[in-house]
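# Understanding the architecture of this molecule
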Amino acid sequence: MSSAIALAESVVPDGFDLGDLLGGVAEPELPCRSRDADLWFAESPAELERAKAFCAGCPVREACLAGALARREPWGVWGGEIFERGAVIARKRPRGRPRKNATLEPAATTTARSAAA
């Protein structure tokens, strides 16, 4: 059993039935069940974007997202959105890049301090 499937099964509440989300309608072919489950828990930003694209036409997308928000899913793609640490993020940044909100000291301030010294 893959680690992604094991994780997904560990966060799904006992007694969960996909039929509950579908309102008793016959189970359609859902992207997350018909493709490689590891794609929805990938590390690569490109793979996560692929998973989001597969979710676009899913008939249970809204219910999936609502459930993931209620459970505060720790990570993965749920309802066409990327979750990280229980929150929805717009996109995953690749490893090794500086934080987007890193503060840099303006060059003018650095120059002024050097001249004053």
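Residues numbered from 1 in each chain as written. Predicted model: local features only at pLDDT ≥ 70, side-chain atom pairs only at ≥ 80, totals over all residues. Heavy atoms only, no water.

Looking now at the packing of aromatic side chains. Enumeration over the complete set of coordinates arrives at 3 aromatic pairs. Between Phe41 and Trp78, the ring centres sit 6.0 Å apart and the planes meet at 75°, which makes this aromatic pair edge-to-face. With Phe41 in the loop between α3 (31-34) and α4 (45-55) and Trp78 in strand β1 (residues 75-78), this pair connects stretches of sequence that are 37 residues apart. A connected cluster of aromatic rings, assembled from ring pairs, spans Phe41, Trp75 and Trp78. Here Arg71 stacks its cationic end above the ring of Trp78, 5.3 Å away from the centre of that ring. (Phe/Tyr/Trp six-rings, centres within 6.5 Å; stacked < 30°, edge-to-face > 60°. Helix = DSSP H or I, 4+ residues; strand = E, 2+ residues; numbered from the N terminus. Lys NZ or Arg CZ within 6 Å of the ring centre and 35° of its normal.)

If you check UniProt for "binding site: [4Fe-4S] cluster" (unreviewed entry), the listed places come out as Cys32, Cys55, Cys58 and Cys64 in our numbering. The greatest C-alpha distance among the annotated residues, which extend across 33 residues, is 10.9 Å, indicating that they converge on a single site. Mapped onto the secondary structure, Cys55 falls in helix α4. Leaving out residues up to four positions away in the same chain, Cys55 has contacts with Trp40, Arg61, Val77, Gly79 and Gly80. (UniProt positions renumbered as here; feature names shortened; annotations may be inferred. Contact = heavy atoms within 4.5 Å.)

Okay, the sheet that holds strand β3 (residues 87-89) next. The antiparallel open sheet is built from 3 strands, whose spatial order is β1-β2-β3. The outermost strands of the open sheet, each flanked by one partner alone, are β1 and β3. When strand polarity is set aside, the average angle formed by the axes of neighbouring strands in this sheet is 35°. Inspection of the sheet shows strand β2 (residues 81-84) paired to β3 by 3 bridges, in the antiparallel sense. When the sheet's bridge partners are listed, Ile82 is paired in β3 with Ile89. Seen against the sheet, helix α5 (residues 61-71) touches β1, β2 and β3 and runs at an angle of roughly 10° to β2. (Pairing = 2+ DSSP bridges. Axes fitted to C-alpha atoms, helices over the stretch in contact; angles between N-to-C directions.)

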